[in-house]
Amino acid sequence: MDAVKDTIAILGGSFNPVHSGHIEMAVVAHAMYDTDIILMPNKTTYYKENTPFVSDEHRIAMLEAAVSDYPYMSVSTMEIDRGGVTHTIDTIRVFKQEAPDRTVYFIIGGDSLEWVDRWVDADELLASTHFLAAIRGKTDRRRAMEIIDRISAEHPASHISLLDMKDIPISSTDIRNSIREGRSIRGLVPQKVEEYIYRNGLYQGR
């Protein structure tokens, strides 16, 4: 039986599909915190229910292809197996129950930082989880620090740090649109993911 690790970092999301920005976030988190990374696809989220999803099996297979070259990355189907709407606190509770003293990092984009303190059971979540925010999109470093200062004042037990990485302006929505419109996605997703998408004809219909 594998020993329980003292630290773990979770990168959650719909991964529809996983793209190069996701992988770079995981690479940077590993480099900065020397921790293994778990990529965890969710079953569904209350704010993305109208998004066209490929099957869970395809999303898992793309993730496994994406992490295959990184020995410190793995894929967990915990939230898919749980089913229903995903709340991050449910996942954090599982990891903390398994090892109460473990440090659990949760990687988010700067856009999610804007409202992480409004997630379900935010008090418990912010106290039990060390959030790593990758700055991208419209949320720049100064804005991110303002948000962190506000959350720290309102939730003194919170832990939020910034991932020191360049902006990678890639979105799964843009990738799906590019495939449907016949445009190249080279470099936007890991090569093995690109090969899987075209081999299985994903995202090519309306």
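Each remark here, short or long, concerns the structure printed above.
Read on for an overview of the structure. (Residues numbered from 1 in each chain as written. Predicted model: local features only at pLDDT ≥ 70, side-chain atom pairs only at ≥ 80, totals over all residues. Heavy atoms only, no water.)

1. Quick look at the overall build of the protein chain
Working step 1: For the protein chain, the count of helices and strands is 9 helices and 6 strands.
Working step 2: Taking 17 Å as the expected radius of gyration for a compact globule of 206 residues, we find that the protein chain reaches 17 Å, a close match to that expectation.
Working step 3: If you line up the protein chain on its principal axes, its C-alpha atoms span 50 × 45 × 30 Å.
Working step 4: In the protein chain, buried positions account for 50% of the 206 residues.
Working step 5: Put simply, of all contacts in the protein chain between residues at least 6 apart along the chain, 75% involve residues at least 24 apart. (Helix = DSSP H or I, 4+ residues; strand = E, 2+ residues; numbered from the N terminus. Rg over C-alpha atoms; globule rule 2.2 N^0.38 Å. Buried < 20%, exposed > 50% of the residue type's maximum accessible area, 1.4 Å probe, protein only. Contact = heavy atoms within 4.5 Å.)

2. Some words on helix α8 (residues 172-180)
Working step 1: All buried positions along α8 are accounted for by S172, I175, R176, S178 and I179. Along the axis of α8, the buried residues cluster in a sector spanning 160 degrees; they form a single face.
Working step 2: Tucked inside the fold, the buried residues of α8 contact α1 (20-33) and α9 (191-199).
Working step 3: Positive phi shows up at G182, right after α8, with a value of about 80 degrees. (Arc of directions from axis to C-beta.)

3. Focus on helix α4 (residues 88-98)
Working step 1: Listed as buried for α4 are T88, I89, T91, I92 and F95. Seen from one end, α4 has its buried residues packed into an arc of 160 degrees, which puts them on one side.
Working step 2: Here the buried face of α4 lies against β1 (7-13), β2 (37-41), α3 (78-82), β4 (103-109) and α6 (122-128).

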